[in-house]
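Each chain, written out:
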Amino acid sequence: MAIFFRLVRTDPPTLDDFRSHAALGDVPPHVKTGPQREPYRRLSLWATLPKARACARRTRHRYAYVAVLDVPSTAPVAQRGRDPDHYEIHEHDAPPEVMRTWMVRVLPARVK
């Protein structure tokens with residue numbers, strides 16, 4: 001098991017908080033199918049709470065909370081992008097119903 005952090009909008013998180021942007025229909029109009037759509041089918045996870053909170057501050061989406069997830073070691077989580085603390089898992093490997101069962105607790109995304 002490994003601890004990861006996921007930005008969510010509500011406490012408790014809804015199933016939509018564990019859906020990809022593609023599943024939510026939040027994909028730019030020019031991205032229809034194929035390889036361009038793949039990044040929108042992955043869910044972002046963060047290796048550290050400070051990085052998750054920093055992302056919540058700078059994103060266009062309104063995330064008020066961070067879900068702490070205890071992800072099984074068998075889950076195909078992969079580091080992606082330039083930030084070594086950013087990880088992703090494909091929507092097919094972590095359905096929302098399953099991902100929500102990994103949740104340990106929910107923390108505020110912004111601290112004073």
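This text follows the structure it describes.
Description of the structure in this document. (Residues numbered from 1 in each chain as written. Predicted model: local features only at pLDDT ≥ 70, side-chain atom pairs only at ≥ 80, totals over all residues. Heavy atoms only, no water.)

A word on the layout of surface pockets. Here the largest pocket defines a volume of roughly 530 Å³. Looking at the largest pocket, it is lined by 24 residues, and the ones nearest its centre are His21, Ser44, Thr59, His61 and Tyr63. Of all the elements in the fold, those that place two or more residues in the lining of the largest pocket are β1 (2-8), β2 (42-46), α1 (49-58) and β5 (86-90). Take the lining of the largest pocket: its biggest share by element is 4 residues, from β2. (1 Å grid on protein atoms, 1.4 Å probe; cavity = no way out; pocket = protein on both sides within 12 Å on 5 of 7 lines; lining within 4 Å. Points joined across faces, edges and corners; volume = space filled by probe spheres on them. Helix = DSSP H or I, 4+ residues; strand = E, 2+ residues; numbered from the N terminus.)

The next point concerns the nonpolar core. In terms of nonpolar packing, the biggest core is built from 13 residues, with Phe18, Leu45, Leu69, Val71, Ile89, Met99 and Trp102 touching the most fellow members. Counting only elements with at least two residues in this core, the list comes to β1, β2 and β3 (65-71). Considering every element that reaches this core, the biggest residue donor is β3, with 3 residues. Grouped together as the second largest cluster of nonpolar side chains are 12 residues, Leu7, Ala52, Ala56 and Val66 included. (Core = buried A, V, L, I, M, F, W, Y, C linked by side-chain atoms within 4.5 Å. Buried < 20%, exposed > 50% of the residue type's maximum accessible area, 1.4 Å probe, protein only.)

On to α1, then. When we look at burial in α1, the residues that qualify are Leu49, Ala52, Arg53, Ala54, Cys55 and Ala56. Tucked inside the fold, the buried residues of α1 contact β1, β2, β3 and β6 (103-108). (Contact = heavy atoms within 4.5 Å.)

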